[in-house]
Structure formats: C-alpha cells, structure tokens
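Report on the structure
Below, each chain spelled out in residue letters.
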Amino acid sequence: MTQLDLQIQDQHRPRLRALGFTPAREQEFAAYSAAGREPARVAVAHRGSLGLITASGETSAVIAGRLHHDADSASDLPVVGDWVAFDAHGGVVHAVLARTGAITRAAAGESGDPQVLAANVDVALVVTSFNHDLNVRRLERFLALAHAGGAMPVVVVNKADLVDDPAAALDAIRSVVSPAPVLATSTVLPLGIDELAASVPAGETAVLLGTSGVGKSSLTNALIGEARQAVSEIRLDDSRGRHTTTRRELVALPGGGWLIDTPGLRVPRLWAEADGVEATFVIIDALASQCRFNDCAHDGEPGCAVEAAIDAGEIDPARVEAYRKLLAERRSMAEREDARGRAARKARGRAGVQALRRYYASRD
Ligand code: GDP
Ligand code: ZN
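Residues numbered from 1 in each chain as written. Chains lettered and ligands numbered in written order. Predicted model: local features only at pLDDT ≥ 70, side-chain atom pairs only at ≥ 80, totals over all residues. Heavy atoms only, no water.

1. Some remarks on the overall build of the chain
- In terms of regular secondary structure, the chain is built from 12 helices and 15 strands.
- Out of the 364 residues in the chain, the part that is buried amounts to 45%.
- At a minimum sequence separation of 6, the contacts of the chain that also span at least 24 residues come to 64%.
- In the structure as shown, the chain presents an accessible area of about 18,100 Å², 51% of it carried by carbon and sulfur atoms. (Helix = DSSP H or I, 4+ residues; strand = E, 2+ residues; numbered from the N terminus. Buried < 20%, exposed > 50% of the residue type's maximum accessible area, 1.4 Å probe, protein only. Contact = heavy atoms within 4.5 Å. Areas by Shrake-Rupley, 256 points an atom, 1.4 Å probe, with all protein chains shown as cover.)

Quick look at the structure:
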C-alpha cells in the first residue's frame, strides 16, 4: 500500500463528515489510519457483533478479542453511535474512538457499572406531553441526564392538539428549563415537526428521551417520514456464525441529521435504577447542576432538584445523606485552597452553562 492509500481518501471524507466524523475525530484516527484501519460508525450493537456504517456503505463486524480482553468494563465496548477503527478485510473492530459524550444509565444489579446506551449524541430531544406527563420534576431529571451525557437538550412538549392554549403552558415550562429551547408538537395535526427536525442539524446525532406514552415512536415516525420504508435491516453474524437480521438503530433523517432509536432508551424510569454508590453520586451531581443556586446544599433551598427527586421517590434519601457528607468534605478541603483555586473551580462550574448559552446563541 502506498502512503496515499493509508490515509482517509478524499472522496470518502464528505460522507464521513456527514456521519459525524469531525476533524477532531479524523485527527484522533490518524494513528489507526496508519495501521490500515478504516473509520466506521456503529449503527447497531449486539453481543459480539456490530452493524457498521462506513464511507462506502453498511457492513457487519465482530469485536476483536483483544478489545474484549482490554476492556475494564462493558462501557469500554462499542455501543450504537460509537466511532470505531476496523479492519475492513477481516471484518474486525479493533478500537473505539474517544466519545464526546454518552447517554448512560446506572445499571441495576451487582456490578453497579454504568450502562452506556448511546454514544456521541449531540442533541437530546426530551419529550413530554401536554396531558398526564407534564411533570416538571421529571423533566429536570431528563435534562440532567442529557447534560451528563454531553448532549444539548431540546424540550419537546407533544400532543399540543389536546390543549386550547399551548403557548401559555409552554411559557411556564420555558422558565423552568431555560436556556434549553422548548417546542410544542403534535403528530396528529401535525404541528411543530419541521421545527423539531431543524433542531437536529445535518451531521449531528439526536436521541429521544422521555417516559412511555408521550409519543416518542410517533415523533420518530414523523421525523423519518417517507424515509421510514428505507430504514434498512442489517444482517449480523453472531459468534457462532449464524445470521440474524435486526433493525438498524442509527437512522438517517431526511435533513442530514441522525436519530438513535434504541429500545434501551425507551425504558421509562431511565435513570432511577442506580445501584452503585458511585453511579448514584454521578446522578446526584447531574441533578445538582439543575438546582436553582450554584452553591445549593440540597437542604431546604428553593428550586433544589436533588430534593425534588427525593420527594418524587426517585433517589434514596440515605444516598443523598452520604452525598451531602461527601460535599461537606469537598467544601472543607476547598476552604484550604487559595483564592485562585476557588476562582478556577467556580469557572469550571459555570463553563457548562455558558457553553450551552453559546451553543444556542450560535444557532440563532
Ligand atoms: P412512546 O411510548 O413515547 O413511544 O409513545 P407512542 O408514540 O407510542 O404514543 C403513545 C400514544 O400517544 C399513542 O396512542 C399515540 O397515538 C398517541 N400520540 C402520539 N402523538 C400524539 C399527539 O401528538 N397527539 C395525541 N393526541 N396523541 C398522540
Ligand atoms: Zn439542591
């Protein structure tokens, strides 16, 4: 092979970019390129076998034994949305590229290992509906889940056909979830579907989050539109060499964006299943970022998202007590730091919110 063959071929680059292969990923990929690997995105992941989208089409592959062996936990293995380095001739995936974020659920069970449901998600469409589901607390939890996963949330209030004055209801929600944008939709009128589609720019990847019954499947169908028929089934070979067909979970939208539609994301109580203490802390941390006050002690302050979750029976108060102790320890350590350290920490805390604001400003 010549040096030219080893690099991402120019004619492939636009297709890879459209799939979300950013210049940063291409840079990270250079080392794998040099070893003759090709970049691909995981469209569906099953035990041991993967459906991939590459610059030249769809294919299936297996996970290299070495990758299995080196993985510290299941979260190191490829999931839908991941970018991987694969050997096109052998059909073997050798490495997972760094994730820009991942929608992660604290797994139930003994390990307490987080379970990564979808990787490299840019936009989280947090869906609620105008009837039974309009629960601000729950909305806050899904927003925290989106933030923790590195995805920009867009709040989608579906079933607008069921109310006379959706605008008034939206205003109330807007004040709670700001700076996340809020859209009203109806799949029956239809209403707001174009706006929803526009919130997933070309080359970006979205997921729909929300409890069952709010209309996620209906919205998925509306977004995919006529492309629905074209959503392909993928043939996968399992470890015993048998063939199975399965529906692709990373789906192209007509506007050039991508939608991850996985059964895992449809589980209603998406993140109330935390078992491991570590995992719970991650979740409480994410919740705490939603508290009205930056320095909330989660102890009677107004607008406290952590206490709201306790009230809703979503997290165990004993865990929160342990978390409060940890916070107190962190605080007393912090008090020993110099003023400069404190300023830097504060800036980090604000950075997420500012990034969000910049992001929305840049989209106007
Ligand atoms: P999912 O569980 O979140 O995927 O929700 P589904 O898409 O299965 O929808 C649940 C129910 O709500 C179904 O009976 C849909 O027909 C209904 N539904 C979905 N979108 C709308 C809407 O915009 N307005 C009304 N009135 N019903 C809707
Ligand atoms: Zn709080």
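2. Brief notes about the coordination of the zinc ion (ligand 2)
- Binding of the zinc ion (ligand 2) to the protein goes through Cys291 (SG), Cys296 (SG), His298 (ND1) and Cys304 (SG), at separations of 2.1 to 2.4 Å.
- Around the zinc ion (ligand 2), the 4 donor atoms are arranged such that angles at the metal cover 102 to 116°; this shape is classified as tetrahedral.
- Every donor residue of the zinc ion (ligand 2) comes from the same chain, spaced as C-x4-C-x1-H-x5-C. When sorted by exposure, Cys296 lands in the same class as His298, which is buried. (Donors = N, O, S within 2.8 Å, 3.2 Å for Na, K, Ca; no water. Tetrahedral: all angles 85-135°; square planar, octahedral: opposite > 155°, others 65-115°.)

3. Side note on helix H8 (residues 216-224)
- For H8, every residue scored as buried is listed here: Lys216, Leu219, Thr220, Leu223 and Ile224. End-on view of H8: buried residues confined to an arc of 130°, all on one side of the axis.
- On its buried side, H8 packs onto strand S8 (123-129), strand S9 (152-158), helix H7 (193-198), strand S11 (205-209), strand S14 (250-252) and strand S15 (258-260).
- Of the residues trailing H8, Gly225 is marked for its positive phi of about 55°. (Arc of directions from axis to C-beta.)

4. So, the pattern of salt bridges
- Per the counting criterion, the structure on display carries 5 salt bridges.
- Asp171 is the salt-bridge partner of Arg174, the closest N and O atoms lying 3.2 Å from each other. With Arg174 and Asp171 both in helix H6 (residues 166-177), this residue pair falls 3 residues apart, about one helical turn.
- In this structure, a network of salt bridges that share partners links the residues Arg13, Arg17 and Glu26. (Salt bridge = Lys/Arg side-chain N within 4 Å of Asp/Glu carboxyl O.)

5. Overview of the layout of surface pockets
- Empty space within the second largest pocket amounts to approximately 560 Å³.
- Taken together, 20 residues make up the lining of the second largest pocket; nearest its centre are Ala45, Pro78, Val79, Gln115 and Val116.
- Contributions of two or more residues to the lining of the second largest pocket are made by strand S1 (38-46) and strand S7 (114-119).
- Ranked by residue count, the leading element in the lining of the second largest pocket is S7, at 4 residues.
- Of the residues in the lining of the second largest pocket, the class split is 10 nonpolar, 7 polar and 3 charged. (1 Å grid on protein atoms, 1.4 Å probe; cavity = no way out; pocket = protein on both sides within 12 Å on 5 of 7 lines; lining within 4 Å. Points joined across faces, edges and corners; volume = space filled by probe spheres on them. Nonpolar A, V, L, I, M, F, W, Y, C, P; charged D, E, K, R; others polar.)

6. Topic: the site of ligand 1
- The full set close to ligand 1 counts 16 residues, and Asp161, Gly213, Lys216, Ser217 and Ser218 are the nearest of them.
- The separation between a nitrogen atom of ligand 1 and a polar side-chain atom of Thr187 is 2.8 Å.
- Protein chains shield 68% of the accessible area of ligand 1, which is 590 Å² for the free molecule.
- Per-element accounting of the shell around ligand 1 gives the leading share, 3 residues, to H8.
- Residue composition of the shell around ligand 1, grouped by class: 3 nonpolar, 9 polar and 4 charged. (Near = heavy atom within 4 Å. Polar contact = N/O pair within 3.5 Å; in protein donor to acceptor, adjacent residues only side chain to side chain.)

7. Here's the deal with the packing of aromatic side chains
- The full count for this structure, using the stated rule, is 3 aromatic pairs.
- Between Phe29 and Tyr32, the aromatic rings sit 5.6 Å apart at their centres with planes inclined by 45°, giving tilted as the arrangement. One end of the pair, Phe29, and the other, Tyr32, are both in helix H3 (residues 23-34), 3 residues apart, so they sit about a helical turn from each other.
- On the basis of relative accessible area, Tyr32 is assigned to the partly exposed category, the value being 26%. (Phe/Tyr/Trp six-rings, centres within 6.5 Å; stacked < 30°, edge-to-face > 60°.)

8. Structural notes on the sheet that holds S15
- Read across the open sheet, the 6 strands follow the order S10-S9-S8-S11-S15-S14; overall the sheet is mixed. Among the strands making up the open sheet, the edge pair consists of strand S10 (182-184) and S14. Neighbour-to-neighbour, the strand axes of the sheet open up by a mean angle of 30°, direction not taken into account.
- Relative to S9, S8 runs parallel, the two being bridged by 7 bridges. (Pairing = 2+ DSSP bridges. Axes fitted to C-alpha atoms, helices over the stretch in contact; angles between N-to-C directions.)

9. Here we look at the confidence of the model for the chain
- Mean pLDDT over the chain works out to 79, with 73% of the residues at or above the 70 mark.
- Element-level pLDDT for the chain is lowest in helix H1 (residues 3-6), with a mean of 46, against a maximum mean of 97 in strand S4 (residues 83-87).
- In this model residues 348-357 is a low-confidence stretch, pLDDT under 50, and it forms 7 contacts with partners more than four residues away in sequence or in other chains. (pLDDT = per-residue confidence, 0-100.)

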